[in-house]
Amino acid sequence: MNSPTLAIVDDDQDFSAFLMHFAERRGFAARRFHSVADATPWLASNDTDLTMLDMALPDGSGLDVIDRIPSSRHAQIVFVSGTDNADDIRRAVATHASEFIGKPLRRDTLERLFDQTQQRVQHRLQLLRRQCDPLIGESACMLRVKEDIMRVAPTRLGVLISGETGTGKELVARAIHAQSGRSGRLISVNCGAVAPELLASQLFGHERGAFTGAVQRHAGFFEQASGGTLFLDEIGEMPQALQVYLLRVLETGHIVRVGGSEEIPVNVRVIAATHQLDGAGTGYLREDLYYRLARYPIQLPPLRARGADIERLTHAFIAELNHETGIDKSLDRACLDRLLRHPWPGNVRELHAAVERAYIRSGSRLVDVVPLAAVGHGGDDDGVRFHVGMTFEEIEDEMLQLTLAHHRGDKTATARSLGVSVRTVHNHLARRRDDG
Ligand SMILES: Nc1ncnc2c1ncn2[C@@H]1O[C@H](COP(=O)(O)OP(=O)(O)OP(=O)(O)O)[C@@H](O)[C@H]1O
Ligand SMILES: [Mg+2]
């Protein structure tokens, strides 16, 4: 968990085996490679906290490796080499590697390197924890999301957040706004929950008399979010005609109120969210708008891919409930395995609800969390499990979760298949959120 990652590139098997062993004992996740061809593909597509590069390799040099890998992925690269070729050393020092260390590598030098790396990783983790609060998650994929949040927050780039239902898209939008340094407000609009005919006037405002009932001039969300951030949730639900207009607004930086003609400049950072993982080409989100919004795409992984975060979240939710009730309960560790195997179609929202249910029901100090029926793939589990004693709300909940999972989080398809409106689905999910 949160082990710093180390890559060793050295053709000396004994030396690299010793380093691996030493690093692992210090809590590093280490990997070793013995040639340029061996190391380059992995280092090109993975991140490391420390990379130790030898100079002379069987098929080239450490300089070839550093040339071919993105510096953004590797927090610190050091050369560790026995070469006395002054030219090579000069070239190594001229790269973005932080140090050239001669062999034999002294024990205290190695300790210093590892200490520095561990401290740097700890600092970074604490910073991400603090700055992305209340987003919980320290799995590698969630740390990447947090790094993305920190990187994009201070810019003006549009962000498109995608992820299944309940993965925390709204929390990410909040974290980006909180870290943006923008003094204005964050305004959230769920494009699927507002009646389509009202959405234009809600977003862009209207002039007095623009339509029946428009008795006063009204500033829309774009104006209200001036100097701040506008979060357009479920952007794929926005009617096509409005998508065309939104694109124009994003390009010109001006809006025109419904029923008006004055071009009003707006200084708004737009963040959008969708549960359609590849926004473009789905028939919901216009491709041109997709590219305009997705200057910086952030994809939230489903909960089932977050490993130990499931346990972290569960502890955090129990702690929250303890705080509210003044009782001191804790997680029954015997259920962890079950939690790790469950597919969590409703993601963090579903976990939150399961923890709450278990917390309230548990007669002892131990909370045994039982997820709702697992989603089978055409197997026996593919139905809603009902037993006497369940409340109507619980059955409704399970029905909704299973249908949502079946449609991969697509609320429109879920609504169609349950014979209710998309707004009913939204409202149900929002109620769960508010209850939680
Ligand atoms: N990483 C997290 N840490 C703590 N709480 C989380 C996390 N992710 C989600 N949650 C909680 O789970 C619930 C759902 O999160 P959120 O509303 O942000 O999801 P969403 O992706 O916007 O879902 P939807 O697609 O249904 O709108 C919220 O109560 C939120 O606080
Ligand atoms: Mg949401």
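No experiment lies behind these values; they were computed from the predicted model shown. (Residues numbered from 1 in each chain as written. Chains lettered and ligands numbered in written order. Predicted model: local features only at pLDDT ≥ 70, side-chain atom pairs only at ≥ 80, totals over all residues. Heavy atoms only, no water.)

## Brief notes about the UniProt feature "domain: Response regulatory" (unreviewed entry) in the chain
The cut-off we apply is this: UniProt positions are given in the numbering used here, feature names are shortened, and annotations may be inferred rather than shown by experiment. Helix and strand labels come from DSSP, where a helix needs a run of H or I of at least four residues and a strand needs a run of E of at least two; each type is numbered from the N terminus.
When the UniProt feature table is mapped onto this chain numbering, "domain: Response regulatory" (unreviewed entry) sits at residues 5-118. Helix and strand shares over residues 5-118 are 45% and 24% respectively, and the end C-alpha atoms of the span are 10 Å apart.

## Quick look at the sheet that holds strand β8 (residues 159-162)
Formally: Paired strands, as defined in this entry, are two strands with at least two bridges between them according to DSSP. Under this scheme, a helix contributes an axis fitted over its contacting stretch, all axes are lines through C-alpha atoms, and angles between N-to-C directions fall in the 0 to 180 degree range. Contacts are residue-level and defined by heavy atoms, with any inter-residue pair within 4.5 Å sufficient.
The five strands lie next to each other as β9-β10-β13-β8-β14, forming an open sheet whose pairing is parallel. Single-partner strands in this sheet number two, and they are β9 (186-190) and β14 (296-299). Looking at each pair of strands side by side, their axes are set apart by 20° on average, direction ignored. Taken together, the four bridges between β8 and β14 define a ladder with parallel strand orientation. Across the sheet, L160 pairs through a bridge with P297, a residue of β14. In this fold helix α6 (residues 140-152) packs onto β8, β13 (269-274) and β14, with an angle of close to 155° to the strand it touches most, β14.

## Topic: the nonpolar core
This is how it is decided: In this text, buried Ala, Val, Leu, Ile, Met, Phe, Trp, Tyr and Cys residues form a nonpolar core when linked through side-chain atoms within 4.5 Å. Burial classes follow relative accessibility: with a 1.4 Å probe on protein chains only, a residue under 20% of its type's maximum area counts as buried, one over 50% as exposed, and anything between as partly exposed.
Core analysis: the biggest nonpolar cluster contains 31 residues, and V189, L203, F222, L230, L232, I235 and M238 have the highest contact counts within it. When contributions to this core are tallied by element, the ones reaching two or more residues are β9, α8 (196-204), α9 (221-224), β10 (229-233), α10 (240-252), β13 and α11 (287-293).

## As for the pairing of strand β1 (residues 5-9)
With four of five residues buried, β1 lies mostly within the body of the structure. With five bridges connecting them, β1 and strand β2 (residues 29-33) associate as parallel partners. Bridge assignment links I8 to a residue of β2, and that residue is R32. Where β1 and strand β3 (residues 50-53) come together, four bridges link them in parallel fashion. For A7, the partnering residue across the bridge sits in β3 and is T51.

## Looking at the site of ligand 1
We count it as follows: Only a single heavy atom is needed: when it lies within 4 Å of a molecule or strand, its residue is near that molecule or strand. N or O atoms closer than or at 3.5 Å make up a polar contact, with two conditions inside protein: a donor-capable atom paired with an acceptor-capable one, and, for residues adjacent in sequence, both atoms drawn from side chains. Reported accessibility uses the Shrake-Rupley method at a 1.4 Å probe radius. Residues are deemed covered only where the shown protein chains occlude them. Note on residue categories: nonpolar means Ala, Val, Leu, Ile, Met, Phe, Trp, Tyr, Cys or Pro, charged means Asp, Glu, Lys or Arg, and polar means any other residue, Gly included. Where each domain starts and ends follows an automatic or database-derived domain assignment.
Taken together, 17 residues form the shell around ligand 1, and within it I136, T165, G166, K169 and R349 come nearest. For ligand 1, an oxygen atom lies 3.1 Å from a polar atom in the backbone of G168. R349 has a polar side-chain atom sitting 3.0 Å from an oxygen atom of ligand 1. With the chains in place, 91% of the 630 Å² that ligand 1 exposes on its own is no longer accessible. Top element by residues in the shell around ligand 1 is helix α7 (residues 169-178). It accounts for three residues. A class-by-class count of the residues in the shell around ligand 1 yields six nonpolar, four polar and seven charged. Each of domain 2 (140-301) and domain 3 (304-435) gives at least three residues to the shell around ligand 1.

## Some remarks on α6
Applicable threshold: Expected helix span is computed as 1.5 Å times (number of residues minus one).
Its 13 residues give α6 an end-to-end C-alpha distance of 18 Å, which sits within 8% of 18 Å, the value for a rise of 1.5 Å per residue. Of the positions making up α6, those classed as buried are C141, M142, V145, K146, E147, D148, I149, M150 and V152. Buried residues belonging to α6 abut α5 (107-131), β8, α7, β13, β14 and α12 (309-325).

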